[in-house]
Amino acid sequence: MRIATAIVSLAVLAPAVARGQDEPSPRWPPAIDPPSAEDEEERAAAEGEEVQVEREVELQRIRLELERIRRERLRMAAAELKLRDKARDLADQSPVIAPRVEVLPLTLEQAIGMALENNPDYLVELLRARAAQEEVSVSLGVFDPVIGVEATYAENRQPFFSANPFSGFPIGLNVASSDSLRISTSISKRFMTGTQARAFWEESRQKTENVFALNPAYAPAVGIELTQPLLRGFGIDVNMAPVRIAENLALGADAGYADFLMAATVSVEESYWTLVRAEEQLRFQERSVESAQKFLDDQRRRREVGAASDLDVVVAQAGVAGQREGLIAAENALEAARDGLVRLVRPSSESSRWDVFIIPTDRPWMLPEPDLDPERTVQLARERRPDVHRALLDIDTAEHSLVLRRNEALPQLDAFAQLREDGLGGQHHSAWTALGSGRFYSWNAGLRLNLPLFLRSERARVRAAQHDVERAEAAIRGVEANIVLQVRRAIRDVRTAKAQIEATRASRILAARRLRATRTQVIHGTAVPRDVLRDLADLAAAESAEVQAYINYRLALTRLEQAKGTQLDRWLDRLDPRVRRALDRAPY
C-alpha cells in the first residue's frame, strides 16, 4: 500500500517539480492531533507543493562571514569596511542579535591574559584569598599591647556618731563627708610564652572633714604584675598555634586561588579552540552546501536529458535542505562560541560591549613534543601542584590543633607576682617625692589552681583532633594517588590525540575520494543520489573530526601542564605574588 502511495505521489509531484510552481502552503484546521509525517507527505505530493531549499541570500551571508574572517586575518582594512556594510544589510537574516562591528584579533596568549585581567570571577577568588590573609593579623592581635585608663570621682555623705572628742568630729551624730578622685592608667601585654605582664600607675586625691586626717591627701602608686601559666597556656607552641593555623589557612587560600586560575586558563583555552572549531565547521558546512547545490544542478541537467528521474531531483533537493540545516546550526554555534569567549576575556553588563567580532589568530596545527616520562612528571607534580600543597597544609593545621586541644585538657595552674610602691602627701609633688624614696612598697607572689572535674569535653576535643590528623594524613595519600592517575591519563591522552590526528587525516582524505567516486557512480547509474548525500555528510564529519583531533592534542598538552602544576609558570609575572608563593610553597 505504501509503495503504491509513493508511486502515485511521485506521479503527481513530477509535473509540479518540472513546472517549478511555488504555491502557498495551506493552513491546517484546528485538530486535536497534528497530521502525521505520512499524511504531510501525501498532502504535499497531492497538491504539488514546491519545497524551497535554495537560499542564495543565506549562502551569501555565510560566504561574507567566512570572507570577513579570512580578510581580517590578512588585516585588509579597506575590504573589511565594505564587508561590514554588506554584513549589516544581511543582519536581519542572521542569528546574530546585533552586527558585530568591533573587530578583535586574538591569540590564545592574549585571550588568557585578558581573562586574567578583566574577568570578575577571578577577582572574586583573589579577594577571598586576601581576606583569608587578614586572619593572620587577627590571630597576632592577642599579643598587641593594651592601654587601659580609668577615672573615678566619688562623693560620700555617710552618718558617723562620735563619742570621742579626739576622733576629729564633734560629739554626737555627724556627717562623715569625703570627696575622692582616682585616676588609673595601665599597659598590659601577652607574650608568646603565655606570660602576661601589666604595668600600672595610679593617683588619687581625697578630701574629708576629719580635722585629724591629712586633708587633702594625695596618694600616688606605681607597680607591675606578672602572671605565668605553668600548665594550660604554657609554651610558645601552644600560644603560637592559632597564628600557625591562620597562616596555613592563608597559604591554603593562595593555593586554592592558584588551582582556580589553572582551571580558569583551561576554560579560556577550551573556549578559544571551540571558536576556532566553529569557524572551521562553518567553512566545512558552507562547502557542503555548495557541493549539495552543485549536485542538485547536475541532477536537474541529467533529468533534462532523461538520465535522471524526478525522484533523483527530489532526493538532491532534500540533500540541499539538510545541508542548509547544518549551515544554520553551524552559524549559530559560531556566534555562541564568540559570546562564550567574550564572557571570559571581556565580560560586561552592557549588551553593546558584547558585539565584538573576535578573530582567533592561532591555529591548532602546531604539534609541540612534551616530556612524556611518567616518573619525572609525577615527581614534578608532587613539587608544584597546589592541591598537594593544600593537603600538606591541612596536616600541619591538624597537628597544631591537636597541640591546642591537648593543652586545653590540662589543669589551670598559674604563678603570679605583684610589686607596688606607694606615696602619700598633702601636696602632689610631696606625695611623689615620698613615692620616689623607695620606703613605701609592697609585694606578693603565689600560685592559683583551677581544676575542672573529669575534663570530659576537653578530652573529647583531643580525640576529635587526633581523628583530624589521621584524616589529613589519609587525604594526602589520596591526593598523591590522584596525581599518578591524572598524570598517566594526561600522557595517554596526549599520545592518543597525536595518533588520532593521523587517523582522522586519513579518514578525511578517503571520505573525499569516496565522494568523488560516488558522484561518478551516480553518473554511470551504479549508485543512487542518496549515496552522494551520505558521502557528503561523511566528508563533513571527517573534516570536523580532523580539526577536533588537532584541538584535542593542544588541550591534552594543556591538561598535562595542569597535571604537572606548571601551567601558570609563564603568567607568574602578571599574576598576584601569592600565586608564585603558592607554587613555590614558600613559608608565610
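Keep in mind that what you see is a predicted model, and the values were worked out from it rather than measured. (Residues numbered from 1 in each chain as written. Predicted model: local features only at pLDDT ≥ 70, side-chain atom pairs only at ≥ 80, totals over all residues. Heavy atoms only, no water.)

Visitor: An account of the confidence of the model for the chain is requested, with residue identities and associated values reported.
Guide: Looking at the chain, the pLDDT average stands at 82 and 83% of residues meet or exceed 70. Averaged pLDDT values for the elements of the chain fall to 36 in helix α1 (residues 2-19) and rise to 96 in strand β6 (residues 221-229). Note that pLDDT drops below 50 for residues 76-80; the model gives that stretch five contacts with residues more than four away or on any other chain. Contacts of residues 86-92 to residues separated by more than four positions or lying in other chains number six contacts, the stretch itself having pLDDT below 50. (pLDDT = per-residue confidence, 0-100. Helix = DSSP H or I, 4+ residues; strand = E, 2+ residues; numbered from the N terminus. Contact = heavy atoms within 4.5 Å.)

Visitor: If you had to explain the packing of aromatic side chains to someone new, which residues and values would you point to?
Guide: With the rule as written, the count across this model stands at three aromatic pairs. Geometrically, the ring pair formed by Tyr 122 and Phe 260 is edge-to-face, given 5.7 Å between the ring centres and 75 degrees between the ring planes. A residue pair is termed long-range when its members are at least 10 positions apart, and Tyr 122 in helix α6 (residues 120-140) and Phe 260 in helix α7 (residues 236-304) qualify at 138 residues. Its relative accessible area of 26% is what places Phe 260 among the partly exposed residues. Between Tyr 272 and Trp 273, the ring centres sit 5.3 Å apart and the planes meet at 85 degrees, which makes this aromatic pair edge-to-face. Across the pair, Trp 273 and Tyr 272 agree in class, each one buried. (Phe/Tyr/Trp six-rings, centres within 6.5 Å; stacked < 30°, edge-to-face > 60°. Buried < 20%, exposed > 50% of the residue type's maximum accessible area, 1.4 Å probe, protein only.)

Visitor: Any details on the packing of helix α12 (residues 456-524) against helix α13 (residues 529-564)? Residues and values, ideally.
Guide: Orientation of α12 relative to α13, taken along the N-to-C sense of each, is 165 degrees, at an axis distance of 7 Å. Taken together, α12 and α13 sit at an angle that is classed as roughly antiparallel. Of the two possible hands of crossing, α12 and α13 adopt the one that is left-handed. The residue inventory of the contact of α12 with α13, partitioned by class, reads 23 nonpolar, six polar and 12 charged. (Axes fitted to C-alpha atoms, helices over the stretch in contact; angles between N-to-C directions. Parallel < 35°, antiparallel > 145°, perpendicular 65-115°, else oblique. Left-handed = near helix turned anticlockwise from the far one by under 90°. Nonpolar A, V, L, I, M, F, W, Y, C, P; charged D, E, K, R; others polar.)

Visitor: Tell me what's going on with the nonpolar core, and back it up with residues and numbers.
Guide: One broad rule of soluble globular proteins: the nonpolar side chains tend to lie buried together. If you look at the biggest cluster of nonpolar residues, it comprises 48 residues, and the most contacted ones within it are Leu 106, Tyr 122, Leu 261, Tyr 272, Ile 358, Leu 568 and Val 579. Counting residues per element, this core draws most heavily on α7, at 15 residues. If near-sequence neighbours (up to four positions away) are discounted, Leu 261 is found in contact with Leu 116, Tyr 122, Leu 568, Leu 575 and Val 579. With 29 residues, the next largest nonpolar core counts Val 378, Val 388, Ala 490 and Ala 549 among its residues. (Core = buried A, V, L, I, M, F, W, Y, C linked by side-chain atoms within 4.5 Å.)

Visitor: Run through the pairing of strand β8 (residues 412-422), naming residues and quoting values.
Guide: Note: β6 against β8, nine bridges, orientation antiparallel. In the strand pairing of β8, Thr 227 is matched with Phe 416. Inspection of the sheet shows β8 paired to strand β9 (residues 441-450) by 10 bridges, in the antiparallel sense. For Phe 416, the partnering residue across the bridge sits in β9 and is Gly 446. (Pairing = 2+ DSSP bridges.)

Visitor: Explain a nonpolar patch on the surface to me, and be specific about the residues and the numbers.
Guide: Together, Ile 224, Leu 226, Leu 419, Tyr 441 and Trp 443 line one region of the surface with nonpolar side chains, adding up to about 560 Å² of accessible area. Put simply, the parts of the chain that give the nonpolar patch at least two residues each are β6 and β9. Inspection of the secondary structure puts Ile 224 in strand β6. Note on Ile 224: relative accessible area 38%, which makes it partly exposed. (Patch = residues over 30% accessible without salt bridge, like charges linked within 9 Å, V, L, I, M, F, W, Y side chains within 5 Å. Areas by Shrake-Rupley, 256 points an atom, 1.4 Å probe, with all protein chains shown as cover. Salt bridge = Lys/Arg side-chain N within 4 Å of Asp/Glu carboxyl O.)

Visitor: Please provide a residue-by-residue account of α6, values included.
Guide: Taking 1.5 Å per residue as the helical rise, α6 with its 21 residues ought to reach 30 Å, and the 31 Å between its terminal C-alpha atoms agrees with that figure. Lining the buried residues of α6 we find α5 (108-118), α7, α8 (310-345) and α14 (577-584). Taking the backbone nitrogen of Asp 121 as reference, a side-chain oxygen 2.9 Å away marks Asn 119 as the first, capping residue of α6. (Expected span 1.5 Å × (residues − 1). Polar contact = N/O pair within 3.5 Å; in protein donor to acceptor, adjacent residues only side chain to side chain.)

Visitor: Break down the pattern of salt bridges for me, with residues and values.
Guide: In the structure shown here, the tally under the stated rule is 34 salt bridges. Linking Arg 405 and Glu 408 is a salt bridge whose minimum nitrogen-to-oxygen distance equals 3.2 Å. Of this pair, Arg 405 and Glu 408 are both found in helix α10 (residues 386-408), three residues apart, which corresponds to roughly one turn of the helix. Note on Glu 408: relative accessible area 28%, which makes it partly exposed. Where salt bridges share partners, they join Arg 130, Asp 254, Asp 576, Arg 578 and Arg 581 into one cluster.

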